[in-house]
Amino acid sequence: MSFDKTVFEKELLGDTVSNLKYWETVSLDPGKGIFLTLGCDNLPLASGVRSTVLISRILWAYSTAYRLMGNPRYLELADIAFRDFRDHYVDRASGGVFEKLNADGTPLDTRKITYTQSYAVYGLAEYALASGSVEAANLATEISGYIDSRAYSEEYRCYLPAFDRQWNNLGGTVSIDVHMHLVESYTTLYKLTRSAALGERLKYIVRLLIDHYLRPNGALYQQLHTDMSETDDLSDRFGDDAECCWMIAEAAAALEDSSFASQVSPASIRLAQHILEDGIDRTYGGVYDRRNTDGSMNTEKMWWEESESVIAMMYAYRLTGNEQYAEAAWNIWKFIQSYIATDREWNWRVKADGTPIPAADPSDPLKCPYHNTRLTALVVPILRGMQAHTPNEVIES
């Protein structure tokens, strides 16, 4: 291979340390013991609105960084995030978590969005793994119970996207995000609890992704009707392909079921190969945002999609031993270093040639230290092992 895995690892770790320091400096309000929400311009929101997705991701990021690097400061910051989450974001009356809070910590948006509930489980479960907190483990299990009992539709046999505060269905199509991020969160919760019932639920969601969302060309449907039929949206977002690629592989690994892993691995490889063939920019490097329904390509590059694509390529390498995936991961990382990573935080998005694009909506609360921290947390162990696995093997995480 054309790169030194030791250099790759050192660069990833250095970037994550810098990123997490930025978030501690800019997002943490130590006097109040809360994390402020940053917009996609990497600055605190002027409104002070606080996002449940963001606090969940911050909780996850510092927890997983502590597990990877052992820096006690990361656990201290995870402790602060957990207390903030526990004391302000949980709906004690109706169950689950609120969508957003006002600056003073009172509920602003009380809807129950399944995507957000999933992130709450993800952050709490990772924190419980890092800290040994029984309280966090119990809260993660409690919220997953609401997801399964309120968000899952027996009629449609899938998870619905949105509910009011009392968990009354608000309708809408069923997005890939809902089910994909449930795989992400339930995999982590399963590692924590080893619940047989949760394991079966996790297998069901993975199969749903493979059987209904994965298209013949290796792309994913972004939206489906509740009966799992196509919508008019036939766009292909390469970042979602990348996330699904490694998330279903990680779920199969956690379940330690070689038969199930042998069913999942071909789907993971198919997703990775699709990105490699259709999503890579052969001129400037990096991965395109998406191919639109009309077949045209959106050549912009989003910070999180680049990050997840590196992970997907490394997982595909680990599954197959094919060095083209590892080379692709390295090349995407070089694009990130050159055009997306900064000395503050990563740029939200750039043009095909790497020119930064100003944030269209600086109030978007989804910027976070989670995708780039996860890049390091998942790729570094692969670099340290740097051995391939056959498709029939369970990957040890």
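An account of the accompanying structure is given in this report.

1. Brief notes about the overall build of the protein
Okay, step 1: For the protein, the count of helices and strands is twelve helices and 16 strands.
Okay, step 2: The C-alpha atoms of the protein give 20 Å as radius of gyration, which agrees with the globular expectation for 397 residues (21 Å, within 12%).
Okay, step 3: Counting only C-alpha atoms, the protein reaches 55 × 50 × 40 Å along its principal axes.
Okay, step 4: For the protein, buried positions account for 58% of its 397 residues.
Okay, step 5: Here the analysis covers contacts within the protein between residues at least 6 apart in sequence; of these, 67% occur between residues at least 24 apart.
Okay, step 6: Carbon and sulfur atoms make up 47% of the accessible area of the protein, which totals about 14800 Å².
Okay, step 7: Computed over 37 positive and 55 negative side-chain charges, the separation of the two mean positions in the protein equals 3 Å.

2. Describing the nonpolar core
Okay, step 1: Core analysis: the largest hydrophobic core is formed by 137 residues, its most contacted members being Phe 85, Tyr 213 and Met 313.
Okay, step 2: When neighbours within four sequence positions are excluded, Phe 85 is seen to be in contact with Thr 52, Ile 55, Ser 56, Val 90, Val 97, Ala 120, Leu 124, Leu 139 and Ile 143.

3. Some thoughts on the packing of helix α4 (residues 114-131) against helix α5 (residues 134-151)
Okay, step 1: Closest axis-to-axis distance for the α4/α5 pair is 8 Å, and the angle between their directions is 155°. Here α4 is positioned roughly antiparallel relative to α5, judged by the angle of their axes. Crossing of α4 against α5: the hand is left-handed. Contact residues: α4 offers Thr 114, Gln 117, Ser 118, Ala 120, Val 121, Leu 124, Ala 125, Tyr 127 and Ala 128, while α5 offers Ala 136, Ala 137, Leu 139, Ala 140, Ile 143, Ser 144, Ile 147 and Ala 151.
Okay, step 2: The class makeup of the residues in the contact of α4 with α5 is 13 nonpolar, four polar and no charged.

4. Description of the pattern of salt bridges
Okay, step 1: Scanning the entire structure with this criterion turns up 24 salt bridges.
Okay, step 2: Across the pair Glu 11 and Lys 334 runs a salt bridge, and its minimum N-O distance is 3.1 Å. Residue Glu 11 is located in helix α1 (residues 5-26), and its partner Lys 334 is located in helix α11 (residues 323-340); the two are separated by 323 residues in the primary sequence.
Okay, step 3: Residue classification places Glu 11 among the partly exposed positions, given a relative accessible area of 22%.
Okay, step 4: The class of Lys 334 is partly exposed, set by a relative accessible area of 26%.
Okay, step 5: One salt-bridge network, held together by shared partners, links Lys 21, Glu 24, Arg 73 and Glu 76.

5. A short note on the state of the cysteines
Okay, step 1: Applying the stated criterion to the full structure yields zero disulfides.
Okay, step 2: Cys 158 forms no disulfide, and the closest cysteine sulfur to it belongs to Cys 244, at a distance of 16 Å.
Okay, step 3: As a non-bridged cysteine, Cys 245 has Cys 244 as the owner of its nearest cysteine sulfur, 7.9 Å distant.
Okay, step 4: Given the relative accessible area of 1%, Cys 245 is considered buried.

6. A short note on the sheet that holds strand β5 (residues 107-109)
Okay, step 1: Reading across the sheet, the three strands line up as β3-β4-β5 and stay open at both edges, with antiparallel pairing between neighbours. A single partner strand is all that each edge strand has here, and the edge strands are β3 (50-51) and β5.
Okay, step 2: Note: β3 against strand β4 (residues 100-101), two bridges, orientation antiparallel. Looking at the pairing, Arg 50 lines up with Leu 101 of β4.

7. So, the side chain of Ser 133
Okay, step 1: With respect to the helices, strands and loops of the structure, Ser 133 is situated in the loop between α4 and α5.
Okay, step 2: At a separation of 3.0 Å, a polar atom in the side chain of Ser 133 contacts the main-chain amide nitrogen of Ala 136.
Okay, step 3: The contacts of Ser 133, once residues within four sequence positions are left out, are Phe 82, Tyr 127 and Ala 128.

8. Topic: the packing of helix α8 (residues 238-255) against helix α9 (residues 258-279)
Okay, step 1: Here α8 crosses α9 at 160°, and the two axes come no closer than 9 Å. By the angle between their directions, the pair α8 and α9 is classed as roughly antiparallel. Crossing angle aside, the handedness with which α8 passes α9 is left-handed. Each of Phe 238, Asp 241, Ala 242, Cys 244, Cys 245, Ile 248, Ala 249, Ala 252 and Leu 255 in α8 lies in contact with α9, whose residues at this interface are Phe 260, Ala 261, Val 264, Ala 267, Ser 268, Leu 271, Ala 272, His 274, Ile 275, Asp 278 and Gly 279.

9. Description of helix α3 (residues 72-88)
Okay, step 1: Between its first and last C-alpha, α3 extends 25 Å over 17 residues, near the 24 Å set by a 1.5 Å rise per residue.
Okay, step 2: Along α3, the residues that are buried comprise Tyr 74, Leu 75, Leu 77, Ala 78, Ile 80, Ala 81, Phe 82, Asp 84 and Phe 85.
Okay, step 3: The backbone nitrogen of Arg 73 lies 2.9 Å from a side-chain oxygen of the residue at the head of α3, namely Asn 71.

10. Section: α5
Okay, step 1: When the terminal C-alpha atoms of α5 are compared, their 25 Å separation across 18 residues agrees well with the 26 Å that a helix rising 1.5 Å per residue should span.
Okay, step 2: Residues of α5 that are buried: Ala 136, Ala 137, Leu 139, Ala 140, Ile 143, Ser 144, Ile 147 and Ala 151. What you see down the axis of α5 is that its buried residues fit within an arc of 165°, all on one side.
Okay, step 3: On the buried face of α5, the contacting elements are α3, α4, β7 (152-153), β8 (158-159), β9 (162-163) and α6 (176-193).

Reading the values: rules and limits
- Residues numbered from 1 in each chain as written.
- Predicted model: local features only at pLDDT ≥ 70, side-chain atom pairs only at ≥ 80, totals over all residues.
- Heavy atoms only, no water.
- Helix = DSSP H or I, 4+ residues; strand = E, 2+ residues; numbered from the N terminus.
- Rg over C-alpha atoms; globule rule 2.2 N^0.38 Å.
- Buried < 20%, exposed > 50% of the residue type's maximum accessible area, 1.4 Å probe, protein only.
- Contact = heavy atoms within 4.5 Å.
- Areas by Shrake-Rupley, 256 points an atom, 1.4 Å probe, with all protein chains shown as cover.
- Lys, Arg positive; Asp, Glu negative; His and termini not counted.
- Charge placed at Lys NZ, Arg CZ, Asp CG, Glu CD.
- Core = buried A, V, L, I, M, F, W, Y, C linked by side-chain atoms within 4.5 Å.
- Axes fitted to C-alpha atoms, helices over the stretch in contact; angles between N-to-C directions.
- Parallel < 35°, antiparallel > 145°, perpendicular 65-115°, else oblique.
- Left-handed = near helix turned anticlockwise from the far one by under 90°.
- Nonpolar A, V, L, I, M, F, W, Y, C, P; charged D, E, K, R; others polar.
- Salt bridge = Lys/Arg side-chain N within 4 Å of Asp/Glu carboxyl O.
- Disulfide = S-S within 2.5 Å.
- Pairing = 2+ DSSP bridges.
- Polar contact = N/O pair within 3.5 Å; in protein donor to acceptor, adjacent residues only side chain to side chain.
- Expected span 1.5 Å × (residues − 1).
- Arc of directions from axis to C-beta.

Read these as geometric descriptors, not functional statements.
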